[in-house]
Amino acid sequence: MSRDWRAQERSIAKDLHGTRNAGSGAFSRKGDVRADGVLVEAKWTGKKSMTLQSSVLEKIVAEALIEDRMPILHIELNQRGYALLEWDDLLGLLLRDPI
């Protein structure tokens, strides 16, 4: 997995065939990575734990809603990647493409 947050964003963009947003949040383009139909906020730590605040989730959900995209929070924790998304979005993905 990634060695730092920049590598995490590059990896997500590559995996999703998307683009990184330089200076995300500082300018008009929100989120760290955008790809077809999704907006990804990336959080990275090399530690074994991190605190997740509801404001982080609410921010990416609000930004994705404006652009009609699915919000995804990608967390890299202790060298493992996880995706956090709204339950209804997960159900939509599973029901559209059953496992």
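Right above here is the structure, for reference.
Here is a short report on the structure shown in this document. Keep in mind it's a predicted model, so treat the numbers as computed, not measured.

A word on the pattern of salt bridges
Taken as a whole and assessed by the stated rule, the structure comprises seven salt bridges. Here Glu-9 ties to Arg-20 by a salt bridge, and the two come within 3.1 Å at their closest N and O atoms. With Glu-9 in helix H1 (residues 5–16) and Arg-20 in strand E1 (residues 19–20), the pair connects residues that are eleven residues apart, well separated along the chain. A residue is classified by how much of its surface remains accessible, and Glu-9, at 6% relative accessible area, is buried.

Concerning the side chain of Glu-76
One can find Glu-76 in strand E4 (residues 70–77). A polar contact of 3.4 Å, which involves the side chain of Glu-76, links it to the side chain of Trp-44.

A look at the pairing of strand E5 (residues 80–85)
Two strands pair when backbone bridges link them, and E4 and E5 are joined in this way by six bridges, in the antiparallel orientation. Bridge pairing in E5 places His-74 opposite Ala-83. What sits between E4 and E5 in their antiparallel hairpin is a turn of two residues, with Asn-78 showing a positive phi close to 55°.

Criteria and cut-off values
- Residues numbered from 1 in each chain as written.
- Predicted model: local features only at pLDDT ≥ 70, side-chain atom pairs only at ≥ 80, totals over all residues.
- Heavy atoms only, no water.
- Salt bridge = Lys/Arg side-chain N within 4 Å of Asp/Glu carboxyl O.
- Helix = DSSP H or I, 4+ residues; strand = E, 2+ residues; numbered from the N terminus.
- Buried < 20%, exposed > 50% of the residue type's maximum accessible area, 1.4 Å probe, protein only.
- Polar contact = N/O pair within 3.5 Å; in protein donor to acceptor, adjacent residues only side chain to side chain.
- Pairing = 2+ DSSP bridges.

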